[in-house]
Amino acid sequence: METLDYYKLIRNHVQIYKAELVSMNCLKRYVEKKSEKSEVQILLSREVNLVTEKRVEIILHSIVSIPDGPFEFDIVYKGFCGTNAELDSAQLEQYAYDQVVPLLLPYVRECVASTMARMGLPIFTLPTMDVLDAIEANRTPEEEQE
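Summarised in this report is the structure supplied together with it. (Residues numbered from 1 in each chain as written. Predicted model: local features only at pLDDT ≥ 70, side-chain atom pairs only at ≥ 80, totals over all residues. Heavy atoms only, no water.)

## Notes on the packing of aromatic side chains
Selection rule: Between rings of Phe, Tyr and Trp, where Trp is taken as its six-membered ring, a pair exists when centres lie within 6.5 Å; planes separated by under 30 degrees are stacked, by over 60 edge-to-face, and by other angles tilted. Categorising residues by exposure relies on relative accessible area from a 1.4 Å probe, with only protein chains included: less than 20% of the type maximum marks a residue as buried, more than 50% marks it as exposed, and the intermediate range marks it as partly exposed. For a ring to carry a charge above it, either NZ of a lysine or CZ of an arginine must fall within 6 Å of the ring centroid while also lying within 35 degrees of the normal to the ring plane.
Applying the stated criterion across every chain, the model contains three aromatic pairs. Ring geometry for Phe-71 versus Phe-73: centroids 5.5 Å apart, planes at 50 degrees, classification tilted. In this pair, the class of Phe-71 matches that of Phe-73, namely buried. The ring of Tyr-17 carries Arg-55 above its face, with NZ or CZ at 4.6 Å from the centroid.

Structure, rendered in structure tokens:
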């Protein structure tokens, strides 16, 4: 299946109905000299837990920082997704896993921007994710042969 077709399928079959901040740790560093590299780094990890045959819990753990820069955020968001489609539990978990970042990263982005504003720091805009590129990059060799 083409990546775009797969994304359309998972986007329509897995819908988020609740999202909540689980934890946030932020560090405002007092940096005397500006870092040579001012590119924001985002490290992401994701998890999916089956709740029922039609519902899953999704978790996105994000670490957002500039190396040797003025801040570091460690943020965990949790969401709950459901489906009305006829999916087995393995399909639901896989579709949800592929949707974790597109569904929860906007919450992380807003959290970082509003917290930086309250900390008196210049607001860094976190980049959006290219969902199709991410899906393609995470495909297994078996999926590529389909």
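Let's pick the thread back up.
## Looking at the environment of Leu-92
Keep this limit in mind: Put simply, DSSP H or I for four residues or longer makes a helix, DSSP E for two residues or longer makes a strand, and each gets a number counted from the N terminus.
Mapping Leu-92 onto the fold places it in helix H2 (residues 89–118). For Leu-92, a relative accessible area of 0% corresponds to the buried category. Once the C-alpha coordinates of Leu-92 and Cys-81 are considered, the two residues, eleven residues apart in sequence, prove to be 9.6 Å apart.

## Considering H2
Going by this rule: Multiplying 1.5 Å by the residue count of a helix minus one yields the expected span of that helix. The definition of a polar contact used here is a pair of N or O atoms within 3.5 Å, where within protein one atom must be able to donate a hydrogen and the other to accept one, and adjacent residues in sequence count solely through side-chain atom pairs.
For H2, with 30 residues, the first-to-last C-alpha span of 42 Å sits near the 44 Å given by 1.5 Å per residue. The N-terminus of H2 is capped by Asp-88, whose side-chain oxygen sits 3.1 Å from the backbone nitrogen of Ala-90. Of the residues trailing H2, Gly-120 is marked for its positive phi of about 80 degrees.

## Notes on the pairing of strand S3 (residues 55–65)
How we decide: Any two strands are treated as partners once DSSP identifies two or more bridges connecting them.
The buried fraction of S3 amounts to eight of the eleven residues, a majority that puts the element mostly inside the structure. Bridging between strand S2 (residues 41–52) and S3 involves eleven bridges; their strand directions are antiparallel. Looking at S3, one finds that Val-48 is bridged to Ile-58. In sequence, S2 turns back onto S3 through a hairpin of two residues. Here S3 runs beside strand S4 (residues 71–82); their pairing, made up of eleven bridges, is antiparallel. Considered in S4, the bridge of His-61 is made with Val-76. Hairpin geometry of S3 and S4 is characterised by an intervening segment of five residues between the two adjacent antiparallel strands and by a positive phi of about 55 degrees at Asp-68.

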